[in-house]
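Listed below, chain by chain, are the residues.
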Amino acid sequence: MKIMPNRMDYGYLKYQDELEAKALSVLRSGWYVLGREVQSFEENFAAYTGAKYCIGVASGLDALWIAVKLLGIGPGDEVIVQGNTYIASVMGITINGAVPVFVEPDAYYQINADKIEEKITGKTKAVMVVHLYGHVADMDKITRICRTHGLKLIEDCAQSHGALYKGQMTGTFGDAGCFSFYPSKNLGAFGDAGAIVTGDARLNEDARVFRNYGSEKRYYNKVVGANSRLDELQAGLLNVRLAHMEEITRERQELASVYSRELQQKDLLLPRQREGTRSVWHQYVVRTRRRQELMEYLEQQGIGTLIHYPVPPHLAEAYRNLGYRKGDFPVTEEYADTVLSLPFYTGMHPEEQQYTIDCINSFQ
Ligand SMILES: *Cc1c(COP(=O)(O)O)cnc(C)c1O
């Protein structure tokens, strides 16, 4: 059997008829950027998350850097972020000239809330929480810290659509929740797309103007903005998928629970869900010191796996200027050296998962 780490075609085939009907209707509508589908998606996604406002943008990275910028963060300011994230979180900060200040992750792969306060300086303006792998950070502690120190709170929810902390959705705890709808995300478009959710009326207005060349009224430009518009085709397809989001999430929880129940290999450390949260399982990430060996063994059985992520941002070539060295963030680096994402996707066949489990369990 041949098993890929991710299969985006299965997620499409599952809702094929509805998606194709929607695509045709958008193509025939004669209107392709920022129209009725975008507006209804913004309303639907705000309602889904429980946020007051939702602003569609062109990607998850745009959602991040535009939110950071419009919250008034710029050159010289510091933003606290976890060390073990996808590099886009960090770029959302540095594109604005602000400085990322890294914090080690906890046992759930999220920012270690007990290590945030020691990193706060006179220059700290915000904390960016990344709900990595679809799990949820310790939001009670983090919101308390932000309130006490007068810091903005930005959530990178690119991997956490629908994840809950004590019944509340990620993205609604702070000033801005930034989402990506890149095709492989839990709520995936068929191209690039993203959104900011917020309860802040001013951020809502500013982001709407900023994403469209800084203009509210066509050809009357109030500020220097960007072109980060969401298009009708992506918004329409996202509307179709959003209506099935609970089903998609339940399926991922079920897949995760099968892995957690049946994986028996003694060298593997399995992921856990924090008390009081609902993980949406963007990835199923295990840890093992024998990663290279296991990857090669699985490859021989036809099973592909991925590493999220092999190089932590503080050691990325792109951030050599920050001056970090190996050893500066031991937990982050240990995770980078040992994490392994097993095949995991919406529409995964039970036989595919069983074969993967059997192969892993027979790894000596
Ligand atoms: C995917 C991702 C992003 C970036 O989203 P794009 O739509 O690819 O720009 C940001 N942060 C995290 C944690 C992600 O996984």
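Before any of the text, the structure's been laid out above.
The shown structure was predicted, so the numbers you read here are calculated from the model rather than taken from an experiment.

Peer 1: Got a minute to help me understand the overall build of the protein chain in this structure?
Peer 2: For the protein chain, the count of helices and strands is 12 helices and 14 strands. Taken against the 2.2 N^0.38 rule, which gives 21 Å for 364 residues, the C-alpha radius of gyration of the protein chain at 20 Å falls within 12% of a compact globule. Structurally, the protein chain occupies a C-alpha span of about 65 × 55 × 35 Å along its principal axes. Within the span of the protein chain, comprising 364 residues, buried residues form 57% of the whole. Here the contacts in the protein chain between residues at least 6 apart in sequence split such that 71% fall between residues at least 24 apart. For the protein chain, the accessible area works out to roughly 15900 Å², and carbon and sulfur atoms hold 50% of it. A distance of 4 Å separates the average location of the 40 positive side-chain charges in the protein chain from that of its 45 negative side-chain charges.

Peer 1: How should I be thinking about the layout of surface pockets in this particular structure?
Peer 2: By rolling a water-sized probe across the atoms, one finds the places where empty space is left. Estimates place the volume of the largest pocket at around 730 Å³. If you go around the largest pocket, you meet 46 residues; those closest to its centre are Ser-180, Tyr-182, Ser-184, Lys-185 and His-282. Elements with a minimum of two residues in the lining of the largest pocket: helix H1 (8-14), helix H4 (60-70), helix H5 (87-94), strand E8 (176-180) and helix H9 (245-262). By residue number, the principal contributor to the lining of the largest pocket is H5, which donates four residues. In this structure, the second largest pocket occupies an estimated 400 Å³ of space. Only helix H7 (201-210) and strand E10 (215-217) provide two or more residues apiece to the lining of the second largest pocket. Ranked by residue count, the leading element in the lining of the second largest pocket is H7, at three residues.

Peer 1: Even after reading the chapter, I still don't get the site of the ligand, so can you show me in this structure?
Peer 2: Residues in close proximity to the ligand total 13 residues, the closest being Gly-60, Asp-156, Gln-159, Ser-180 and Lys-185. The separation between an oxygen atom of the ligand and a polar side-chain atom of Ser-180 is 2.6 Å. The separation between an oxygen atom of the ligand and a polar side-chain atom of Lys-185 is 2.7 Å. With the chains in place, 91% of the 390 Å² that the ligand exposes on its own is no longer accessible. Cavity membership is defined here by more than half of the atoms lying within 2 Å of grid points; on that basis the ligand lies in the largest pocket.

Peer 1: Help me out: how do you make sense of the pairing of strand E9 (residues 194-198) in this one?
Peer 2: For E9, a buried count of five out of five residues is recorded, marking the element as mostly surrounded by other parts of the structure. Of the two faces of E9, the one carrying Gly-194, Ile-196 and Thr-198 and the one carrying Ala-195 and Val-197 are both buried. Strand direction decides the pairing type here: strand E1 (residues 53-57) and E9, joined by five bridges, are antiparallel. Along E9, the bridge assignment pairs Cys-54 with Val-197. Across four bridges, E8 lies against E9 in antiparallel orientation. Along E9, the bridge assignment pairs Phe-179 with Ala-195.

Peer 1: Help me understand the sheet that holds strand E7 (residues 168-169), please; the structure alone is not making it clear to me.
Peer 2: The strands making up a sheet are joined through hydrogen bonds of the backbone, oriented either antiparallel or parallel. Strand order in the open sheet made by the three strands is E7-E6-E12, with antiparallel pairing throughout. Both edges of this open sheet fall to E7 and strand E12 (277-278), since each of them pairs with a single strand only. As judged from the two bridges shared by strand E6 (residues 164-165) and E12, these two strands associate in the antiparallel manner. If you follow Tyr-165 over to E12, its bridge partner there is Thr-277.

Peer 1: Help me understand H9, please; the structure alone is not making it clear to me.
Peer 2: Residues that lie three or four places apart on an α-helix share one face, since the helix turns once every 3.6 residues. Over its 18 residues, H9 extends 26 Å from the first C-alpha to the last, a length consistent with the 26 Å expected when each residue adds 1.5 Å. Inspection of H9 places Met-245, Ile-248, Thr-249, Glu-251, Arg-252, Leu-255, Ala-256, Val-258 and Tyr-259 among the buried residues, and these make up the whole buried set. Taken together, the buried residues of H9 touch H1, helix H3 (36-49), helix H8 (232-242), E12 and helix H12 (350-361).

Peer 1: Just to check I follow, could you spell out a nonpolar patch on the surface for this structure?
Peer 2: There is a patch of nonpolar side chains on the surface, built from Leu-24, Leu-27, Tyr-32 and Val-33 and spanning about 350 Å² of accessible area. Relative to the elements of secondary structure, Leu-24 occurs in helix H2 (residues 16-29).

Peer 1: What is the right way to look at the sheet that holds E1 in this model?
Peer 2: Sheet architecture is open: seven strands sit in the order E1-E9-E8-E5-E4-E2-E3, paired in mixed fashion. A strand with exactly one partner marks an edge of an open sheet, and here the two such strands are E1 and strand E3 (99-103). Strand-to-strand twist of the sheet, defined as the mean angle between neighbouring strand axes without regard to direction, takes the value 25°. Relative to the sheet, H5 contacts strand E2 (78-82), E3, strand E4 (124-130) and strand E5 (152-156), its axis offset from that of E3 by approximately 140°. Packed on one face of the sheet, helix H6 (residues 139-149) meets E4 and E5 and runs near 145° to E5.

Cut-offs and rules
- Residues numbered from 1 in each chain as written.
- Predicted model: local features only at pLDDT ≥ 70, side-chain atom pairs only at ≥ 80, totals over all residues.
- Heavy atoms only, no water.
- Helix = DSSP H or I, 4+ residues; strand = E, 2+ residues; numbered from the N terminus.
- Rg over C-alpha atoms; globule rule 2.2 N^0.38 Å.
- Buried < 20%, exposed > 50% of the residue type's maximum accessible area, 1.4 Å probe, protein only.
- Contact = heavy atoms within 4.5 Å.
- Areas by Shrake-Rupley, 256 points an atom, 1.4 Å probe, with all protein chains shown as cover.
- Lys, Arg positive; Asp, Glu negative; His and termini not counted.
- Charge placed at Lys NZ, Arg CZ, Asp CG, Glu CD.
- 1 Å grid on protein atoms, 1.4 Å probe; cavity = no way out; pocket = protein on both sides within 12 Å on 5 of 7 lines; lining within 4 Å.
- Points joined across faces, edges and corners; volume = space filled by probe spheres on them.
- Near = heavy atom within 4 Å.
- Polar contact = N/O pair within 3.5 Å; in protein donor to acceptor, adjacent residues only side chain to side chain.
- Sits in = over half its atoms within 2 Å of the grid points.
- Pairing = 2+ DSSP bridges.
- Expected span 1.5 Å × (residues − 1).
- Patch = residues over 30% accessible without salt bridge, like charges linked within 9 Å, V, L, I, M, F, W, Y side chains within 5 Å.
- Salt bridge = Lys/Arg side-chain N within 4 Å of Asp/Glu carboxyl O.
- Axes fitted to C-alpha atoms, helices over the stretch in contact; angles between N-to-C directions.

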